[in-house]
Amino acid sequence: MVGSVGPANLEGRPMPLIEWADSVKTGVPEIDQQHRQLFALVNDLYDKNVAGVAEPSVAETLTALTEYVDYHFTCEEELLAVCGYEDLQNHKAEHRKLMEQVVFYEKSHRQHPETFDMDDFLGFLQFWLRSHILQSDMAYVPSIARSGRPVES
Ligand SMILES: [Fe+2]
Ligand SMILES: [Fe+2]
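Residues numbered from 1 in each chain as written. Chains lettered and ligands numbered in written order. Predicted model: local features only at pLDDT ≥ 70, side-chain atom pairs only at ≥ 80, totals over all residues.

Enquirer: Help me understand the packing of helix 2 (residues 57–82) against helix 3 (residues 88–111), please; the structure alone is not making it clear to me.
Expert: A pair of packed helices can be characterised by two numbers: the angle between their axes and the separation between those axes. Packing of helix 2 against helix 3 brings their axes to within 10 Å, and their N-to-C directions diverge by 170°. Considering their axes alone, helix 2 and helix 3 lie roughly antiparallel with respect to each other. Where helix 2 abuts helix 3, its residues Ala59, Leu62, Thr63, Thr66, Val69, Asp70, Phe73, Glu77, Leu80 and Ala81 lie against Leu88, His91, Lys92, His95, Met99, Val102, Val103, Glu106, His109 and Arg110. Of the residues belonging to the contact of helix 2 with helix 3, the class tally is ten nonpolar, five polar and five charged. (Axes fitted to C-alpha atoms, helices over the stretch in contact; angles between N-to-C directions. Helix = DSSP H or I, 4+ residues; strand = E, 2+ residues; numbered from the N terminus. Parallel < 35°, antiparallel > 145°, perpendicular 65-115°, else oblique. Contact = placed C-beta atoms within 7 Å. Nonpolar A, V, L, I, M, F, W, Y, C, P; charged D, E, K, R; others polar.)

See below:
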């Protein structure tokens, strides 16, 4: 659920927007660690939104998130190139498209924070993180395993 008032857990604290679960674990240690960091940044943004935290704190998290998405995509693409992933070009194209959208949101927030639709952005992040990891990232795991790199089950 994305909204100004989020669901609460048993302790009465707001639940994270996007929870880490085994279903999103690729088994590639450095990738999972980066995905966890992405989840943490999205949840941080969500928490600040729910708590009504003022600028420039929201802008800082948004910028950190944008930079981390870029960093993660670069790391992932380098790893896939080293492992000879056959669908790398399509994967890169998907990353580029997502990056363009994240940059667009970040820029519009920077220019017009007062009219920025944070719920829309959080919904977008929640959707693409899950669907990209579950479909596109999971698809490269056999290639990484074949290259001899450690993949946890
Ligand atoms: Fe990816
Ligand atoms: Fe990824």
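Further notes follow.
Enquirer: Help me out: how do you make sense of the nonpolar core in this one?
Expert: The nonpolar side chains of soluble globular proteins are, as a tendency, buried together. Within the largest apolar cluster, 14 residues are counted, with the highest numbers of intra-cluster contacts made by Val42, Leu45, Tyr46, Leu65, Leu122 and Leu125. Contributions of two or more residues to this core are made by helix 1 (29–51), helix 2, helix 3 and helix 4 (118–146). Residue contacts for Tyr46: discarding those within four places in its chain leaves Leu17 and Leu122. Judged by nonpolar contacts, the second largest core, of six residues, contains Val28, Ile31, Tyr140 and Ile144. (Core = buried A, V, L, I, M, F, W, Y, C linked by C-beta atoms within 7 Å. Buried ≥ 20, exposed ≤ 12 C-beta atoms within 10 Å, placed from the backbone.)

Enquirer: Can you walk me through the environment of Tyr140 in this structure?
Expert: With respect to the helices, strands and loops of the structure, Tyr140 is situated in helix 4. Using a count of 21 C-beta atoms within 10 Å as the deciding quantity, one classes Tyr140 as buried. With 56 residues separating them along the chain, Tyr140 and Gly84 place their C-alpha atoms 9.9 Å apart. Discounting chain neighbours no more than four positions away, the residues touching Tyr140 are Leu80, Tyr85 and His91.

Enquirer: Any chance you could explain the confidence of the model for the chain here in plain terms?
Expert: Close inspection of predicted coordinates is inappropriate for parts of the model with low pLDDT. In the predicted model, the chain carries a mean pLDDT of 90, and 91% of its residues have values of at least 70. Within the chain, the element-level pLDDT minimum falls on helix 1, averaging 94, and the maximum on helix 3, averaging 97. Here residues 1–6 scores under 50 on pLDDT; set against residues more than four positions off or in separate chains, the count is 13 contacts. (pLDDT = per-residue confidence, 0-100.)

Enquirer: Honestly, helix 2 in this entry has me stumped. Any pointers?
Expert: In an α-helix there are 3.6 residues to a turn, and that puts residues three or four apart on one side. If you check helix 2, its first and last C-alpha atoms are 38 Å apart, about what 26 residues at 1.5 Å a residue would give, namely 38 Å. In the core, the buried residues of helix 2 are packed alongside helix 1, helix 3 and helix 4. (Expected span 1.5 Å × (residues − 1).)

Enquirer: Even after reading the chapter, I still don't get the environment of Asp137, so can you show me in this structure?
Expert: By the element assignment, Asp137 lies in helix 4. When the 21 C-beta atoms within 10 Å are taken as the criterion, Asp137 is described as buried. Taking the C-alpha atoms as reference points, Asp137 and His91, 46 residues apart in sequence, are found 8.3 Å from one another.

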